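In case you want the letters, here they are:
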Amino acid sequence: MGQDLLRWGGLAIGVVAAAWASGQGELGLGTMLAPTLLGLGAVLGALAADATAPRPTGTVRVAGLTPRRIRDFVPRRAVAALGVCAAVLVALLAVAGAVASPDDLGRSGRAFAYGCGDVAALRGPWPGFFYGVPLLAALAVAGTGSLLALRRIARRPTVDEAWRRAGASRVTAGWGLLVTASLAGVSLAMSGALSDLPCGGAGALDAASFGLGAVAVLSGAGAVACGVALCRRG
């Protein structure tokens, strides 16, 4: 029960932090990073739950001779799907940073500029490097912490393989919530900036806006699935 409370508490902290951040800052940084804060709280809750797991008892323990590996305990399909989501997120942030423009006050990397004849549009907030660097930093820190936790779970001196798999699944879900929620936020921001551009936009940009909207919906559904997995008892 204690581990469940820690996981739920981390998720609740993430929700509160995301709600608070959404109303902070004139540059939209809080709004852009709100999904990441939600996922980061979930990761911290999952790591705290693993850290307080009971140690094995007894003077005699039995262990197999085969080395335990992380991949033996994580849900492989989920990890593969989340790996794709993480790759898409990094790719979107790289592209957004490369094409970003200064905003109307000259602040670098906060807007997307588009021109059509004599008509120009400047859309934001755009997830350029102003937003992307903090997001990638949070992703890297949470990913490193999750990997260390999975390594600890795999090497823990206990014969309870079911507990090992359950713990690995929870840590994976916490990291997955961070990735999918961040991907949903970034893709939604990009889709909104590319929609309804002057002169009807360009065909490629209209298609990109639609595709990014679809990515936002799918990654949002993935975030819900990860949240449900975190809330499940046991």
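Everything here concerns the structure above.
Structure report, in brief. Predicted model, so just to flag it, every value in this text is computed and none were measured.

1. Some thoughts on the overall build of the protein
Then, in step 1: Helices and strands together make up the secondary structure of the protein, namely six helices and two strands.
Then, in step 2: In the protein, which comprises 234 residues, the proportion classed as buried is 40%.
Then, in step 3: Across the protein, every contact between residues at least 6 apart in sequence was considered, and the portion connecting residues at least 24 apart equals 74%.
Then, in step 4: Put simply, the protein shows about 12,000 Å² of open surface, and 69% of that area lies on carbon and sulfur atoms.

2. Thoughts on helix 4 (residues 129-155)
Then, in step 1: Its 27 residues give helix 4 an end-to-end C-alpha distance of 38 Å, which sits within 8% of 39 Å, the value for a rise of 1.5 Å per residue.
Then, in step 2: Here helix 4 has its buried residues at Y131, G132, L135, A138, L139, A142, G145, S146, A149, L150, I153 and A154.

3. Remarks on the packing of helix 4 against helix 5 (residues 161-194)
Then, in step 1: Running from N to C, helix 4 and helix 5 point in directions that differ by 170°, and their axes come no closer than 9 Å. Between helix 4 and helix 5, the interaxial angle falls into the category roughly antiparallel. On helix 5, the residues touching L135, A138, L139, A142, G143, S146, A149, L150, I153, A154 and R155 of helix 4 are W163, R164, G167, A168, V171, T172, W175, L178, V179, S182 and V186.
Then, in step 2: Classifying every residue of the contact of helix 4 with helix 5 by side-chain character gives 15 nonpolar, five polar and two charged.

4. What to know about the packing of aromatic side chains
Then, in step 1: Counted under the stated rule, the structure contains two aromatic pairs.
Then, in step 2: Measuring from centroid to centroid gives 4.9 Å for F130 and Y131, while their planes differ by 85°, and the two rings are edge-to-face.
Then, in step 3: On the basis of relative accessibility, which here comes to 1%, the residue Y131 falls in the buried class.

5. Quick notes on the side chain of S209
Then, in step 1: Among the structural elements, S209 can be located in helix 6 (residues 203-231).
Then, in step 2: Each residue touching S209, except ones within four places of it in the same chain, is listed here: S191, L194 and S195.

6. Observations regarding the pairing of strand 2 (residues 119-123)
Both faces of the sheet carry side chains from a regular strand, because those side chains alternate between them.
Then, in step 1: Of the strand pairs in this sheet, strand 1 (residues 112-116) and strand 2 are connected by five bridges, and their pairing is antiparallel. Paired with G115 across the strands is A120, a residue of strand 2.
Then, in step 2: Between strand 1 and strand 2, which follow one another and run antiparallel, lie two residues, and G117 among them has a positive phi close to 65°.

7. Quick look at the packing of helix 5 against helix 6
Then, in step 1: Two elements in contact, helix 5 and helix 6, have axes separated by 7 Å at closest approach and are oriented at 155°. In terms of axis orientation, helix 5 runs roughly antiparallel to helix 6. With respect to the hand of their crossing, helix 5 and helix 6 are arranged in left-handed fashion.

8. Quick look at helix 5
Then, in step 1: Its 34 residues place the ends of helix 5 48 Å apart at the C-alpha level, agreeing with the 50 Å of an ideal helix rising 1.5 Å per residue.
Then, in step 2: Most of helix 5 sits out of view: 24 of its 34 residues are buried.
Then, in step 3: Once helix 5 finishes, D196 follows within two positions and takes phi at roughly 55°, a positive value.

Reading the values: rules and limits
- Residues numbered from 1 in each chain as written.
- Predicted model: local features only at pLDDT ≥ 70, side-chain atom pairs only at ≥ 80, totals over all residues.
- Heavy atoms only, no water.
- Helix = DSSP H or I, 4+ residues; strand = E, 2+ residues; numbered from the N terminus.
- Buried < 20%, exposed > 50% of the residue type's maximum accessible area, 1.4 Å probe, protein only.
- Contact = heavy atoms within 4.5 Å.
- Areas by Shrake-Rupley, 256 points an atom, 1.4 Å probe, with all protein chains shown as cover.
- Expected span 1.5 Å × (residues − 1).
- Axes fitted to C-alpha atoms, helices over the stretch in contact; angles between N-to-C directions.
- Parallel < 35°, antiparallel > 145°, perpendicular 65-115°, else oblique.
- Nonpolar A, V, L, I, M, F, W, Y, C, P; charged D, E, K, R; others polar.
- Phe/Tyr/Trp six-rings, centres within 6.5 Å; stacked < 30°, edge-to-face > 60°.
- Pairing = 2+ DSSP bridges.
- Left-handed = near helix turned anticlockwise from the far one by under 90°.

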